[in-house]
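Below are the chains, spelled out letter by letter.
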Amino acid sequence: MHFLIVSGAAQGQITPARRLARALVAAAEPGVIIRATLAVPLSALRRMFPGKAAGAAAGEGAVVLSDGAGVDYAAFTDGFDDGFQPERCDGAAFVGRLQLVGPASLARLAAALRARGRPVTCVVYTLLLPFAAAVARDLDVPAYFFWTMPAAVLSVYYHYFHGRHGLVDAAAGVRDDPNRRVQVPGLEFLRARDLPSLLTGPSPYLPAFREMFHVVEATAAASCHAHGQSGAKPRVLVNTFDALEPKALASVPGIDLIPVGPMVTDTEADGGGDLFEQDDDAGYMQWLDKQRDASVVYVAFGSLAVLSPRQLEEIRHCLEVTGRPFLWVVRRDNRDGGGGGGAATGLLPPAGGMVVEWCSQARVLAHRAVGCFVTHCGWNSTLETVACGVPAVMAPQWSDQATNARMAEARWGVGVRAETAADGTVLSSELSRGIDAVMGNSDGARAIRRRARTWKARAAMALDAAADDAEVDGDATAARNLRRFVQGVRSREREREQKQAGQS
């Protein structure tokens, strides 16, 4: 079996896609060999493996690297081989170009893999790549959408696009009534202000999201027709686990959601795979080794957010006044507060901590010294902090992050949301309040830390491959769900082989 995992160029997609590819390889039953190729846009491949991908030209068919976990890496073109620059091209133009050139490029990659003796038997794709389903149809192989955000967010989009439960009105009226409750069954804890930002304000990406959901449902209908079936629901892989979102997983009547997460495990020797060059991990990991247990404030706002100079100063001031040791990630493209390079203009961090440009976040959060995560609340970061049992102070920026923050605070009780000022800045005083709320000595802070430890244990059970033959507290493990998924793909592959044999 050969899975072609197709990811966009964003770190937030590449990370879970890479982890899924490795998990699929590991899900092979005795006597079955599973291969996986992770296909990413050429611009991303060049950044993930500098030097190794430099001569890949258009990249199609060039397997740049095979890692120790059984995953190959290859490229297709998204029309921006030198990288997408939002200041030069808006989101609508990006999506249009991607949909124009992506399908043919991905088809050529599949043909090149077949020529190398590795025909694709299943396609899995992430956000903004629905054309991968059409490529799979032409190859006569199944295609599955891998949703890299929480099930709750998938549910919100699904019901919004179907015009249900007053979601359209709630999103449109967010300024007038930000605390209006969402009426989706199972998601009543959400308010209008917690909805994804693509629904509450103008976004060039919303039509592309609508198209993704249309393709998922249309692909399932076409597959049922081809196999003489009726009524079968489309199946979508979701990076979550049963215990974390039981009601959300059951809140989408038209789609069968398969929880395969949390996709949080990486090997220590990845040999690449991030879009940003890490600082010397020996430096920051050794520094963490010298700190007291649960004493360090870890601050990171992901791979996309560019913080304003004022926001950087507010964070700096917060770290200074709290006086706790800190590890602060400030990307090189954000060190001047405006996306420029190089010098840390105006950024003079206080004593008592470290500032790095990028780090292995999963390793940092798993370190005993980290006691708090100040985060933008992207879904990968949220899952990692839950799986590591680290309380969070959340300052969501856009997309699904407000929804993630609401769940972490109101449903799981593992952190607090920091409120913004009128201009969108999170003030130093508010960040300090949040840090004290999760790291302090109050009864509330101790309760948050206790719940964080509980969720760490539940995430570990979901990841326990040894428990995949049994349900844990009524929940299937990720390993079990992946194994069942692979068995289903294998069964369909056999049916296709038998059909082809009968026609020959």
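Cut-offs and rules
Residues numbered from 1 in each chain as written. Predicted model: local features only at pLDDT ≥ 70, side-chain atom pairs only at ≥ 80, totals over all residues. Heavy atoms only, no water. UniProt positions renumbered as here; feature names shortened; annotations may be inferred. Pairing = 2+ DSSP bridges. Helix = DSSP H or I, 4+ residues; strand = E, 2+ residues; numbered from the N terminus. Axes fitted to C-alpha atoms, helices over the stretch in contact; angles between N-to-C directions. Contact = heavy atoms within 4.5 Å. Buried < 20%, exposed > 50% of the residue type's maximum accessible area, 1.4 Å probe, protein only. Core = buried A, V, L, I, M, F, W, Y, C linked by side-chain atoms within 4.5 Å. Phe/Tyr/Trp six-rings, centres within 6.5 Å; stacked < 30°, edge-to-face > 60°. pLDDT = per-residue confidence, 0-100. Salt bridge = Lys/Arg side-chain N within 4 Å of Asp/Glu carboxyl O. Expected span 1.5 Å × (residues − 1). Bend = angle between axes of the 7 residues up to and from the residue. Polar contact = N/O pair within 3.5 Å; in protein donor to acceptor, adjacent residues only side chain to side chain.

The protein chain is annotated in an unreviewed UniProt entry as Glycosyltransferase from Oryza rufipogon. A UniProt comment under Sequence similarities (unreviewed entry) is attached to the protein chain, and it reads "Belongs to the UDP-glycosyltransferase family."

Peer 1: Please set out the sheet that holds strand β14 (residues 415-417) residue by residue, giving values where relevant.
Peer 2: On the basis of which strands lie adjacent, the open sheet formed by 6 strands has the order β11-β10-β9-β12-β13-β14 and parallel pairing. In this open sheet, the two edge strands, each paired with only one partner strand, are β11 (353-356) and β14. Strand after strand, the sheet turns through a mean of 15° between neighbouring axes, direction not considered. In this sheet, strand β12 (residues 370-375) lies alongside strand β9 (residues 296-300) in parallel orientation, the contact comprising 5 bridges. The partner of valine 297 across the bridge, within β12, is cysteine 372. Packed on one face of the sheet, helix α14 (residues 401-411) meets β13 (392-394) and β14 and runs near 135° to β14.

Peer 1: Describe unusual backbone geometry, with residues and values.
Peer 2: Here the residue pair glycine 261 and proline 262 is connected by a cis peptide bond, since its omega of 0° sits within 30 degrees of zero. Of note, proline 262 is situated in the loop between β8 (256-259) and α10 (281-289). Unusually for a residue other than glycine, cysteine 377 sits at a positive phi of about 75°. In this fold, cysteine 377 is placed in the loop between β12 and α13 (379-388). Classification of cysteine 377 by relative accessible area gives buried; the value is 2%. For serine 399, which is not a glycine, the phi torsion comes out positive at approximately 55°. Its place among the elements puts serine 399 in the loop between β13 and α14.

Peer 1: Summarise the nonpolar core; cite the residues concerned and give the values.
Peer 2: With 84 residues, the main nonpolar core has Tyr125, Trp147, Tyr157 and Phe209 as its most contacted residues. With 9 residues, helix α5 (residues 151-161) is the single largest residue contributor to this core. Core analysis: the second largest hydrophobic core is formed by 57 residues, Ala44, Val124, Leu275 and Leu482 among them.

Peer 1: Break down the packing of aromatic side chains for me, with residues and values.
Peer 2: Scanning the entire structure with this criterion turns up 20 aromatic pairs. Here the aromatic rings of tyrosine 157 and phenylalanine 161 are separated by 5.9 Å at their centres, their planes lie at 25°, and the arrangement is stacked. Placement of the pair is tyrosine 157 and phenylalanine 161 together in helix α5, with a separation of 4 residues, close to one helical turn. Given the relative accessible area of 14%, phenylalanine 161 is considered buried. The structure contains a cluster of three or more aromatic residues connected by ring pairs, namely Tyr125, Phe145, Trp147, Tyr157, Tyr160, Phe161, Phe209 and Phe213.

Peer 1: Please give an account of the sheet that holds strand β2 (residues 35-41) that cites residues and values.
Peer 2: Pairing in this open sheet of 8 strands is mixed, and the strands run β3-β4-β2-β1-β5-β6-β7-β8 from one edge to the other. Either end of the sheet is taken by a strand with one partner, and the two such strands are β3 (65-66) and β8. Against the sheet, α5 contacts β6 (143-147), β7 (235-238) and β8, and its axis sits at roughly 110° relative to β6.

Peer 1: If you had to explain the confidence of the model for the protein chain to someone new, which residues and values would you point to?
Peer 2: Averaged over the protein chain, the pLDDT score is 88; the fraction of residues at 70 or greater is 88%. In this model residues 267-271 is a low-confidence stretch, pLDDT under 50, and it forms 5 contacts with partners more than four residues away in sequence or in other chains. Of the regions scoring below 50 in pLDDT, residues 337-346 engages in 21 contacts with residues more than four places distant in sequence or in other chains.

Peer 1: Report on the side chain of threonine 375, specifying residues and quantitative values.
Peer 2: Of note, threonine 375 is situated in strand β12. With residues up to four places along the chain from it excluded, the contact list for threonine 375 reads Ala300, Phe301, Ser381, Ala392, Val393, Met394 and Ala395.

Peer 1: Help me get a handle on the pattern of salt bridges, residues and values and all.
Peer 2: The final tally for this structure, using the stated rule, is 17 salt bridges. Here arginine 19 makes a salt bridge to glutamate 384, at a shortest N to O gap of 3.1 Å. Placement of the pair is arginine 19 in helix α1 (residues 11-26) and glutamate 384 in helix α13, with a sequence separation of 365 residues. Taking relative accessible area as the criterion, arginine 19 reaches 6% and is therefore assigned buried.

Peer 1: Tell me what's going on with helix α3 (residues 91-115), and back it up with residues and numbers.
Peer 2: The terminal C-alpha atoms of α3, which comprises 25 residues, lie 35 Å apart, in line with the 36 Å expected from a rise of 1.5 Å per residue. Maximal helix bending in α3 amounts to about 40°, located at glycine 102; proline proline 103 follows within four positions. Residues of α3 that are buried: Gly91, Phe94, Val95, Leu98, Val101, Gly102, Ser105, Leu106, Leu109, Ala110 and Leu113. Put simply, aspartate 90 is the residue that caps the front of α3, since its side-chain oxygen is 3.3 Å from the backbone nitrogen of alanine 92. Just downstream of α3 lies glycine 117, where phi reads positive at about 85°.

Peer 1: Explain the environment of alanine 366 to me, using residue names and the numbers behind them.
Peer 2: Among the secondary structure elements, alanine 366 is positioned in the loop between α12 (361-365) and β12. The exposed category is assigned to alanine 366, whose relative accessible area is 55%. Distance in space between the C-alpha atoms of alanine 366 and valine 390 is 8.3 Å, their sequence separation being 24 residues.

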